[in-house]
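Descriptive structure summary
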Amino acid sequence: MKTTIKIFAFILLAGLASAFTYKTTVAAGYKVGDIATDFSLKNIDNKKVSLKDFKNAKGYIVIFTCNHCPYAQAYEDRIVALDKKYKKMGYPVIAINPNNPEKQKDDSFELMKVKAKEKGFTFPYLLDEGQKIYPQYGATKTPHVYILQKTSNGNVVKYIGAIDDNYSDEKAIKTKYAENALDALLKNKEVSVKETKAIGCSIKA
Amino acid sequence: MKRIITLLSMLLIISCKEEEPKPLQIYKAEEVSIKSYDFSGLDYLLKKENDTTYVVNFWATWCVPCVEELPNFEKLNAAYKDKKVKVVLVSIDFPKMVESKLLPFVKKHNLKSEVVHLNDPDANSWINKVDSSWSGAIPATVIYRKDKRNFYEKSFTFEELEKEVNKIL
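Here's a quick rundown of the structure. Model, not experiment: these values are computed from the prediction.

Reading the values: the criteria
- Residues numbered from 1 in each chain as written.
- Chains lettered and ligands numbered in written order.
- Predicted model: local features only at pLDDT ≥ 70, side-chain atom pairs only at ≥ 80, totals over all residues.
- Contact = placed C-beta atoms within 7 Å.
- Helix = DSSP H or I, 4+ residues; strand = E, 2+ residues; numbered from the N terminus.
- Nonpolar A, V, L, I, M, F, W, Y, C, P; charged D, E, K, R; others polar.
- Core = buried A, V, L, I, M, F, W, Y, C linked by C-beta atoms within 7 Å.
- Buried ≥ 20, exposed ≤ 12 C-beta atoms within 10 Å, placed from the backbone.
- Pairing = 2+ DSSP bridges.
- Axes fitted to C-alpha atoms, helices over the stretch in contact; angles between N-to-C directions.
- Expected span 1.5 Å × (residues − 1).
- Bend = angle between axes of the 7 residues up to and from the residue.

1. Quick look at the interface of chain A and chain B
- On the side of chain B, 17 residues touch chain A, which itself brings 17 residues to the contact.
- Ranked by the residues each element gives to the side of chain A that touches chain B, the list is headed by strand β10 (residues 200-202) of chain A, at 3 residues.
- Of the residues in the side of chain A that touches chain B, the class split is 6 nonpolar, 7 polar and 4 charged.

Laid out in structure tokens, this is it:
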């Protein structure tokens, strides 16, 4: 009887101890330098797309984005421009909608097709069905960019964060974070600004 | 010479006094008036040294979970007024949508908490100044009184909000 109580008390204590998480918890998801997972997600043409399908790519511009978020919308043309510029240099854009259409009906698969057609998307626009991919990457909002470089060890995360420093006025942009990172990678140089933060819409799980 | 000294000392006195920052713009529509600040102006609201508990919520009219939790903040603001709790709702609506979306929204919902607007597109330069753990997603809330401060990147029910405010009160 006494041992049972002791075991019970121990379990209770252990449980209580783990209940108090530290304020500065390590954020889930990738850090720069991590190897990013590949995936097999449905594109708007109903075909499945994976990073490994792009045999000639030197890397990828993975962008978590969606239909409804005004921040994502503000960047749509710039995302198309990124693809147009860097796809031919080996870095295609791969857009992924991380939202749950049941929680946010404007981010439905059907509306993804409409969006891609309206804005002339030149890249895959995939649905993170089951929402298993975005948590691995650690995306917290839309838009959220992960630039990956293909290496013999896998696709290494080289940049995480915002596309540039001005969502509202393209002419007032001072720093093009994503382009700077890509230009550095293409020259085999170190990316100087590896991580930035941006305001965006939280992901609807 | 005397005049110069007087003028200079006047300027010195004026600049030494803790002043309210100048908004970039003040948007008005009937009874609704919203001051719009860049981050250096807004920062003043995050560093007050008086005895009030400030609940500063970052939101936008297009952010569904933000709009859903607003009634909880309004309820708190009303219920805790005599306990020196002040809710400040910081909208990060796009500047070009303030007149078309924010002002009508505030009027329609009859928001009683103080609503201010933040206009500072280089978010990377100030997100960490609000809190280093903030990813930039909204809704997000800071609850503070003098040096006691907590930051939350989440939505709140009324009970949760009340509980967190009581930790600082």
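2. A look at the nonpolar core
- In this structure, Ile-61, Ile-94, Val-145 and Ala-178 of chain A together with Ile-138 of chain B are the most contacted members of the largest nonpolar core, which totals 93 residues.
- The contact partners of Val-145 of chain A, leaving out residues within four places of it in the chain, are Ile-61, Ile-63, Tyr-159, Ile-160, Gly-161, Ala-162, Ile-163 and Ala-178 of chain A.

3. A look at the sheet that holds strand β8 (residues 148-152) of chain B
All names here are of chain B.
- With mixed pairing, 7 strands are arranged side by side in an open sheet as β1-β2-β5-β4-β3-β7-β8. Pairing within the sheet leaves two strands with one partner each, and these edge strands are β1 (25-29) and β8. With direction set aside, neighbouring strand axes in the sheet form an average angle of 20 degrees.
- One ladder, built from 5 bridges, connects β1 with strand β2 (residues 32-37); its direction is antiparallel.

4. Here's the deal with the pairing of β2 of chain B
Residues and elements named next belong to chain B.
- Here β1 hands over to β2 after 2 residues, with Glu-30 in that stretch at a positive phi of 50 degrees.
- Alignment of β2 against strand β5 (residues 114-118), held across 3 bridges, turns out to be parallel. Across the sheet, the residue bridging to Lys-35 is Val-116, located in β5.

5. Side note on helix α3 (residues 64-79) of chain B
Residue and element names in this part refer to chain B.
- Between its first and last C-alpha atoms α3 spans 24 Å; for 16 residues at 1.5 Å apiece the expected length is 22 Å, and the two agree.
- Along its length, α3 reaches its greatest deviation from straightness, about 30 degrees, at Leu-70, and the proline Pro-71 lies no more than four positions downstream.
- Here α3 has its buried residues at Cys-66, Glu-69, Phe-73 and Leu-76.

6. Quick word on the environment of Ile-35 of chain A
Residues and elements named next belong to chain A.
- Residue position: Ile-35 is located in strand β1 (residues 35-36).
- For Ile-35, a count of 13 C-beta atoms within 10 Å gives the class partly exposed.
- C-alpha of Ile-35 to C-alpha of Lys-2: the two residues are 33 residues apart in sequence and 49 Å apart in space.
- Excluding its chain neighbours within four sequence positions, the residues that come into contact with Ile-35 are Asn-153, Gly-154, Asn-155 and Val-156.

By themselves, these observations are geometric and do not establish any function.
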